[in-house]
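# Residue-level structure breakdown
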Amino acid sequence: MKTILLAAAALAFSAIAGAASAADAIGTITLNGHVGSACTVIQGGSGTTFGATFDLGELTDGSTGHLRADIKAGTPISGLTFNFTLVCSGANEGVSVRSTALTNAATAPGGYSNAVDFTGNAHFLLVTQPSSASTLDVANLTTAAAATTSAFGAAKFLQNVNNNVVVTAYSFATHGGDNLLVAGSYAGSIVVDITPS
Amino acid sequence: MRRLLIPAVLLGLAAPAMASATVLSATGTVTVDGSVAARCQFTTGTATITLGELAKPDGTFDPTTVDGQNRTLTGWCNGTNSSMTVNAQSLTNTTAAPSGFSNQVDFTATALAASQSAVDTNSTDNTAGAPVTVGIFSGDIKVTLSSSSSHGGSTLKMVAGAYAGDVLVTLTPAI
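Computed from a prediction, not measured in an experiment: that's the story for all the values here.

Before going further, it helps to spend a moment on the overall build of chain A. Secondary structure summary: chain A contains one helix and 13 strands in total. When the helices and strands of chain A are placed in sequence order, the string is α-β-β-β-β-β-β-β-β-β-β-β-β-β. Here chain A holds 197 residues, and the buried ones make up 31% of them. In chain A, of all internal contacts separated by at least 6 residues, the share reaching a separation of at least 24 is 75%.

Below, the structure is given as structure tokens:
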């Protein structure tokens, strides 16, 4: 009885083997996925938008009518350093920085100016495999004809740390020379674009 | 036949997944604001006119000693609605004037800046004339004296002594 059962089992396997060899079709299941090339704001904004506003207050020295001295320095005064945290999934992201002068809508006659130039800078903390840190600074003067463009560099990622994008403004100067400044409100901006490669 | 269909179905699923890959740029905007207060300031704010002898040989006041005299101040205003006034203050002598005499010279003062003239025709009231809008300017403020007369009448004789008067120019800042 035991012998008979073994024979029956062997026959069954034989039948399965015979069926496999007779079929040529093979099903292949391919699993695909992707990580979108994107930059997301973690701190200092939301989604894909970040930003800040700073009021310099009185731009003149209060006595001569000329631009005050402290903001003329080549380093930012307190309050003109803005920290942001972003996550970018790709390496070698493109960067564009455009600074726009502070301007006043009132017209300026001879001897006066209604604009204040400055330099806007975006500072990026980068990393390459395995953990080699580097930085990238992209500066744009308001007197430049266009935005300053750059890129992180091949295989360089934005570091996965807080405050990995720092925007500063410094070297303020009266447009057109050291003229008197027209009274009123002034506004300018720095626009930083980070474009995944 | 059924097994052959499986890869085709999976391929169909894979295609939309690839199409959904997105490139999201991030944009940051830092706005820097500031302001400039309205201000006026004299860079040359004082001047002196020495008129010399004020009387004619007959003792009455000589208007030619005052009329046309001028001095130029300099200054600036940075506000679009800045204004200017002038306040003429008569020349006076501290010695009392008896009947038939005068110890005061009245006059008109005009200040010209940014092509706008502020005038004060009454030097006896210690009040400025009407303001004029000078707006944003930087430069000369020319002050001119005119229409002078001895207080009380042109036939009065002038009391001897020193006479002193003023012309006050006021620049008022405004946006």
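Past the structure itself, the notes keep going.
With that settled, the discussion passes to the overall build of chain B. Tallying secondary structure elements over chain B gives one helix and 12 strands in all. Shown N-terminal to C-terminal, the secondary structure of chain B runs as helices and strands in the order α-β-β-β-β-β-β-β-β-β-β-β-β. Taken across its 175 residues, chain B has 34% of its residues classed as buried. Taking contacts inside chain B between residues at least 6 apart in sequence as the whole, the part at least 24 apart equals 78%.

Here B:Q104 shows up in strand β7 (residues 104–113). Those residues in contact with B:Q104 that lie beyond four places of it in its chain are B:S90, B:L91, B:T92 and B:H151.

This brings us to the confidence of the model for chain B. Residues and elements named next belong to chain B. When pLDDT is averaged along chain B, the result is 89, and 87% of the positions lie at 70 or above. Contacts of residues 1–20 to residues separated by more than four positions or lying in other chains number 13 contacts, the stretch itself having pLDDT below 50. Model confidence for the complex is summarised by a pTM of 0.80, with the ipTM given as 0.81.

Looking now at the nonpolar core. Among the nonpolar cores identified, the biggest contains 71 residues, and A:L86, A:V116, B:A109, B:A111 and B:A113 are the most heavily contacted of them. Not counting residues up to four positions away in its chain, the partners in contact with A:L86 are A:C39, A:T40, A:V41, A:I42, A:L158, A:N164, A:V165, A:I194 and B:A26.

The partner chain B presents 36 residues to the 54 residues of chain A that form the contact. Mapped onto the side of chain A that touches chain B, the elements with two or more residues apiece are β1 (37–43), β3 (49–58), β4 (81–88), β11 (165–174), β12 (180–181) and β13 (184–195) of chain A. No other element matches the 12 residues that β13(A) contributes to the side of chain A that touches chain B. Within the side of chain A that touches chain B, the residues separate by chemical class into 30 nonpolar, 21 polar and three charged. For β3(A) and strand β2 (residues 26–36) of chain B, the ladder comprises eight bridges, and the chain directions are parallel. Each residue of the ladder has a partner; that of A:T53, found in β2(B), is B:T31.

Residue and element names in this part refer to chain B. Most of strand β5 (residues 83–92) sits out of view: eight of its 10 residues are buried. Across eight bridges, β5 lies against strand β12 (residues 164–172) in antiparallel orientation. Within β12, the residue paired with T92 across the bridge is A164. In terms of strand pairing, β5 meets β7 through two bridges, oriented antiparallel. Bridged to T92 within β7 is Q104.

Each value, and the rule that gives it
Residues numbered from 1 in each chain as written. Chains lettered and ligands numbered in written order. Predicted model: local features only at pLDDT ≥ 70, side-chain atom pairs only at ≥ 80, totals over all residues. Helix = DSSP H or I, 4+ residues; strand = E, 2+ residues; numbered from the N terminus. Buried ≥ 20, exposed ≤ 12 C-beta atoms within 10 Å, placed from the backbone. Contact = placed C-beta atoms within 7 Å. pLDDT = per-residue confidence, 0-100. Core = buried A, V, L, I, M, F, W, Y, C linked by C-beta atoms within 7 Å. Nonpolar A, V, L, I, M, F, W, Y, C, P; charged D, E, K, R; others polar. Pairing = 2+ DSSP bridges.

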